[in-house]
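Reading the structure
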Amino acid sequence: MAVNSTTDRDYLLPCGRDLEQVWRRLDAVEAGLADEHEASCAHCAAARESLRALRTATRELIEDPEAPPPDLFGRIMVAVRAEVRRGRTLDLPTPHPGSVQISEESVAVVLRYAADTVPGVRARGCRVRVAESGPDGERVIAVEMSVAVRMGGSGVAELIPVVRDRVRTAAAARVGLRLGRLDLTVADIYDAGEEAR
Amino acid sequence: MSAPNIEFVVADAVIAGIAARAAAAVPGVSRLEPGVRGLVARLARTGMRLWTGRDAAPSDGVRVMRDDDTLNIHVDLVISAGCRAGEVGVTVQREVSRVVAEQTGVGVDAVTVVILDIEPEQSR
């Protein structure tokens, strides 16, 4: 597997060598077989020093007879979950160079919560996508949401505008996005007796 | 009196550490999110500490990227519910470039903020 130097610039030393190459040559250089560049380059020498320290430290960790910390699994799962969220983000407007992005999932959580505050409505699923840019560069989102409504409560026709209103307010106030299209699906009904929560 | 030909080099790890502190101090930021890359870095850092007895500044969730002559900082974070996400993001951008410039003299070209999660407010 070759390291692509254009996408993995993180692993390229300032002198042009890549870190993997330094790693592979670590033992050879230690045995006195350094080539001309390796013998003189300060960047390579610094990298070698860190890699040696890392290697020793990881060996110590591996040889450590104690079990890994109990929260290690949880930490790995949190990290993996964050990685998944990173894949789907929406751009928020910013006046500064760079960008501000928010994961679709966190927007969905906020909107679902907003719909939940309407009496007689329970939010179920929520999907958020970016629709288009508004007239002044504002981001407009399209939302698909499924809800359950209380049996014998207000009619669906009365509830829908309230839900739409709350969701639009939450998108603007909590996130900073404008709600364009909201597709509401009434996926279920529930008994008023279950309301005690 | 200025000494001639002295060049200061600020290591990326230092910039990352300062940026991480600046971002975490912004109201509404719950924590920085290290992700898989950060977890690996943290394990490596634990190893380093065992080995050298020194502790590196935590910079989880912050990546410093240099491309040609520009310096870009990327911050992954989790905010708490009850604040406006867009405003928190913009404030983090502003604070990170301000604090890094103030403490190191290094100009930051762009700050990318990614809000990965919104946490319910803690009742503690």
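Residues numbered from 1 in each chain as written. Chains lettered and ligands numbered in written order. Predicted model: local features only at pLDDT ≥ 70, side-chain atom pairs only at ≥ 80, totals over all residues.

Right, let's get into the confidence of the model for chain B. Atomic detail in the predicted coordinates should be set aside for any region of low pLDDT. Residue and element names in this part refer to chain B. Taken over all residues, the pLDDT of chain B has a mean of 79, while the share at 70 or more is 73%. Across chain B, element-level confidence peaks in helix α3 (residues 85-104) with a mean pLDDT of 92 and bottoms out in helix α2 (residues 35-52) with 63. Across the whole predicted complex the pTM is 0.64, and at the interface the ipTM reaches 0.75. (pLDDT = per-residue confidence, 0-100. Helix = DSSP H or I, 4+ residues; strand = E, 2+ residues; numbered from the N terminus.)

Once that is clear, we can look at the nonpolar core. Leu111 and Ala115 of chain A together with Ala19, Ala23, Val75, Leu77 and Val96 of chain B are the most contacted members of the largest nonpolar core, which totals 57 residues. A total of 7 residues in this core trace back to one element, the largest contributor, which is helix α1 (residues 12-24) of chain B. What Ala19 of chain B contacts, discounting residues up to four positions off in sequence, is Val62, Ile73, Val75, Val96 and Val100 of chain B. (Core = buried A, V, L, I, M, F, W, Y, C linked by C-beta atoms within 7 Å. Buried ≥ 20, exposed ≤ 12 C-beta atoms within 10 Å, placed from the backbone. Contact = placed C-beta atoms within 7 Å.)

Residues and elements named next belong to chain B. Here α1 spans 18 Å end to end across 13 residues, near enough to the 18 Å set by a 1.5 Å rise per residue. For α1, the complete set of buried residues consists of Ile15, Ala16, Ile18, Ala19, Ala20, Ala22 and Ala23. Considering only its buried residues, α1 is in contact with β1 (29-32), β2 (62-67), β3 (70-80) and α3. (Expected span 1.5 Å × (residues − 1).)

Turning to the environment of Val10 of chain B, a few remarks are in order. Residue and element names in this part refer to chain B. Here Val10 is to be found in the segment before α1. Along the sequence, Val10 and Val106 sit 96 residues apart, while their C-alpha atoms lie 7.8 Å from each other. Once you skip the residues sitting within four places of it in the chain, Val10 turns out to touch Ile15, Thr104 and Val106.

Residue and element names in this part refer to chain B. Close contact between α1 and α3 brings their axes to 9 Å; oriented N to C, the two are set at 135°. By the angle between their directions, the pair α1 and α3 is classed as oblique. As for the relative orientation of α1 and α3, their crossing is right-handed in sense. Contacts between α1 and α3 involve Val14, Ile15, Ile18, Ala19, Ala22 and Ala23 from the former and Val92, Glu95, Val96, Val99, Val100, Gln103 and Thr104 from the latter. Looking at side-chain class alone, the contact of α1 with α3 contains 10 nonpolar, 2 polar and 1 charged residues. (Axes fitted to C-alpha atoms, helices over the stretch in contact; angles between N-to-C directions. Parallel < 35°, antiparallel > 145°, perpendicular 65-115°, else oblique. Left-handed = near helix turned anticlockwise from the far one by under 90°. Nonpolar A, V, L, I, M, F, W, Y, C, P; charged D, E, K, R; others polar.)

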